[in-house]
Amino acid sequence: MIRATDSAKPLRLALLLVLWLVAAIPARATLTIEISGGAALQIPIAIAPFQGEEAFDERVPAIIAADLARSGQFKIVSTAGINPLPQTPAEVRIGEWKARGASSLVIGNIVRQPGGRLDVQFRLLDTVKADPQAPGGVTQLAGFSLPTQPSQLRLTAHQIADIIYEKLTGEPGVFATRIAYVTKRGNLHELQVADADGANAQTVFRSREPIMSPAWSPDGSRLAYVAFEAKKPVIYIQELATARRTVLANFKGSNSAPAWSPDGSQLAIVLTKDGSSQIYAINADGSGLKRLTRSDAIDTEPSWSPDGRYILFTSDRGGSPQIYRMPAYGGEAVRLTFQGSYNVTPRYSPDGKSFVFIQREGGRFRLAIQDIASGQVQVLTDGGLDESPSFAPNGRLILYATEQRGRGQLAAVSSDGRVKQKLSTEAGDVREPAWGPLLKSRP
Amino acid sequence: MKRLTLGVFLVALLAGCASTEPAKEQARAPVEDRAAQPAAKAEGSATPLAPAASQVNPLRDPNNILSKRSIYFDYDSDAIKPEYKPLIEAHAKYLTEHRSAKVFLQGNADERGSREYNLALGQRRADAVRKMMSVLGVDEKQMESVSFGEENPRATCHDESCWSQNRRVDIVYEGE
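Residues numbered from 1 in each chain as written. Chains lettered and ligands numbered in written order. Predicted model: local features only at pLDDT ≥ 70, side-chain atom pairs only at ≥ 80, totals over all residues.

The next subject is the sheet that holds strand 13 (residues 234-239) of chain A. Residue and element names in this part refer to chain A. Spatial strand order, 11-12-13-14: four strands in an open sheet with antiparallel pairing. The two strands at the open ends of the sheet, each matched to only one other strand, are strand 11 (211-216) and strand 14 (245-249). Strand-to-strand twist across the sheet, computed as the mean angle between neighbouring axes with direction ignored, equals 30°. Of the strand pairs in this sheet, strand 11 and strand 12 (residues 222-227) are connected by four bridges, and their pairing is antiparallel. Bridge pairing links Ile-211 to Ala-227 in strand 12. (Pairing = 2+ DSSP bridges. Helix = DSSP H or I, 4+ residues; strand = E, 2+ residues; numbered from the N terminus. Axes fitted to C-alpha atoms, helices over the stretch in contact; angles between N-to-C directions.)

Okay, the domain arrangement of chain A next. Residue and element names in this part refer to chain A. If you check the domain split of chain A, you get domain 1 (41-169) and domain 2 (178-435). Between domain 1 and domain 2, the contact holds five residues from the first and five residues from the second. If you tally residues by element for the side of domain 1 that touches domain 2, the top one is helix 2 (residues 60-70), at three residues. Residue classes in the side of domain 1 that touches domain 2 are distributed as one nonpolar, one polar and three charged. (Domains from an automatic or database assignment. Contact = placed C-beta atoms within 7 Å. Nonpolar A, V, L, I, M, F, W, Y, C, P; charged D, E, K, R; others polar.)

All names here are of chain B. Between its terminal C-alpha atoms helix 2 (residues 85-97) stretches 18 Å, which fits the 18 Å expected from 13 residues at 1.5 Å a residue. Along helix 2, the residues classified as buried are Leu-87, Ile-88, His-91, Ala-92, Tyr-94 and Leu-95. Along the long axis of helix 2, the arc covered by the buried residues comes to 160°, so they all point the same way. At its buried positions, helix 2 is contacted by strand 1 (70-72), strand 2 (103-108), helix 3 (115-135) and strand 4 (168-173). (Expected span 1.5 Å × (residues − 1). Buried ≥ 20, exposed ≤ 12 C-beta atoms within 10 Å, placed from the backbone. Arc of directions from axis to C-beta.)

Bringing the confidence of the model for chain B into the picture now. Residue and element names in this part refer to chain B. With 70% of its residues at a pLDDT of 70 or more, chain B shows a mean pLDDT of 80. Here helix 1 (residues 2-15) stands out as the element of chain B with the lowest mean pLDDT, 47, in contrast to strand 1, whose mean of 98 is the highest. Throughout residues 7-42 the model reports pLDDT below 50, and contacts reaching past four residues in sequence, or to other chains, amount to 37 contacts. This complex was scored by the predictor with a pTM of 0.85 and an ipTM of 0.90. (pLDDT = per-residue confidence, 0-100.)

Next up on the list: the environment of Val-172 of chain B. Checked against the element boundaries, Val-172 of chain B lands in strand 4. When the C-alpha positions of Val-172 of chain B and Val-103 of chain B are compared, they lie 5.5 Å apart, and in sequence the two are 69 residues distant.

On to the pairing of strand 29 (residues 407-414) of chain A, then. Residue and element names in this part refer to chain A. Of all eight residues making up strand 29, six are buried, and the element is well covered by its neighbours. Pairing analysis gives eight bridges linking strand 28 (residues 397-404) to strand 29, with the strands arranged antiparallel. Paired with Ile-398 across the strands is Val-413, a residue of strand 29. Linking strand 28 to strand 29, which pair antiparallel, is a turn of two residues; within it Arg-405 sits at a positive phi near 50°. Examined bridge by bridge, strand 29 and strand 30 (residues 419-424) share four bridges and lie antiparallel to one another. Bridging across to strand 30, Ala-412 finds its partner in Gln-421. Joining the antiparallel neighbours strand 29 and strand 30 is a turn of four residues, in which Gly-417 adopts a positive phi near 80°.

Turning our eyes to something else, we now look at the packing of helix 2 of chain A against helix 4 (residues 153-169) of chain A. Helix-helix packing: each pair is described by the crossing angle between the helix axes and the interaxial distance. Residues and elements named next belong to chain A. At a minimum axis separation of 9 Å, helix 2 and helix 4 run at an interaxial angle of 50°. Between helix 2 and helix 4, the crossing angle belongs to the class labelled oblique. Read as a crossing pair, helix 2 and helix 4 show a hand that is right-handed. Facing helix 2, whose interface residues are Val-60, Ile-63, Ile-64, Asp-67 and Leu-68, helix 4 presents Leu-153, Arg-154, Thr-156, Ala-157, His-158, Ile-160, Ala-161, Ile-164 and Tyr-165. Residues belonging to the contact of helix 2 with helix 4 are distributed by class as follows: ten nonpolar, two polar and two charged. (Parallel < 35°, antiparallel > 145°, perpendicular 65-115°, else oblique. Left-handed = near helix turned anticlockwise from the far one by under 90°.)

Okay, structure coming up:
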């Protein structure tokens, strides 16, 4: 309850509303993720309890195991019944682990340091064949000590899972990344950011008007998005660390579909100020507007190639919405999709060789992926109302929005269609997911 | 009393309760009851009241066609159906007689398909209404055509009975 003098009331109320709108508030709903399906070949790995882990609320080995299992590329081998559990390489009896089918084993410990700091140490060991030259006869594939604090243990666990994942698959892991998405409960709309495993959801913006199209800056520090509080769609950029918000584009008519260039200096956006929906480029500070498409049709949903040379987009210039590609400076567009009468929402893969999109077939909307060089298309989902695909930054998984039991929910599918994930929240609709970038380091 | 109202207002804001139907704000155009097919009602059945001693705002007078604010469209279409022309003509006339009045023409689409593409479809519909008003003499400075795409549905079921209510343009006067 506010106590305010009459003269200060309007100002206080305005201030409270502003704070309420932009404060990073822990979100009420949490995301839980369940997985089905799996990669053709799953790597069997065992993760032993870490010495000293019981002292902390966040259990590092369990988080690592959940991350690896959720990727669909690993099979977690149970450590039950192995007694005693090894704590150093010398204590590992390879035969025991091989008998359970594990090809790798992770052991570790958490060491307290002065001043509340911790060191989380782990070793990834090969349990396929013994190496007489190695200490204890066990080959170490990786071993690190990560300085951290109790409040950062989840992040450290994700970083360890990334190291293990990269060592065993050759690809970067995405366990330490974050996702953004929009929730709607009644007329309360929230833009939230959570860890890739659904934990630590925070509200970064809330409004009684809709929110759409969140897009991460390539360095992960900002989100561009569309909000309607001005009774029309306007593009904002919000800095996550400070919650500072600026208007990127509020031209006459509608402003939408922000897409960052790979170097973060520009965005492609869609404006209607000159007639139909057209694609423009604009500097991230709002200066330097340049028109890129010139048609009388709808041109929308731009997506930059990772090398910054091309933009994919949706256009109905040919009579039905299809996917086109043009040079990033504008210029002649080439049509890429030819199956069916509705292909929209193209998103470049991180390696630039393919794109995921939404295809309507028989009245149902589903995800498909097209190889750019060959034009081959593979259908990835069989949902009826799938939309808003977003690639993980290692190109392995695609996050998207779907409908489950009458509610909007998020799901993920691997780029080969074999691994499926369902992400559920407790209440309301979830939509418009955006997977954040890989970060070199996190504060 | 003032403090209590303020407190109630803030509690309502902060509660963000999970109601099943979207609460309509004052800022919206008045909601019309459209359980039946939209085509059944229109045709300018209301006649404007002559200016009288009463100070009723014609924009809000339920007996006045100006209180009707929505134009409905067929699937995949931005063509304005003949039954809505009297409504558009009435608003165009009001705007030419009140040169300081301004409107947002808010286009909408049903939920099927991509949100951004639907934003563009809604825009097309709003633009169609704007073009017609411009031909009828309304100054471009008095109108802004925008889109809410599928984000502001009037009805949320997943079939044509609701989709038809969402394929529409709403006329919203500045300051409402």
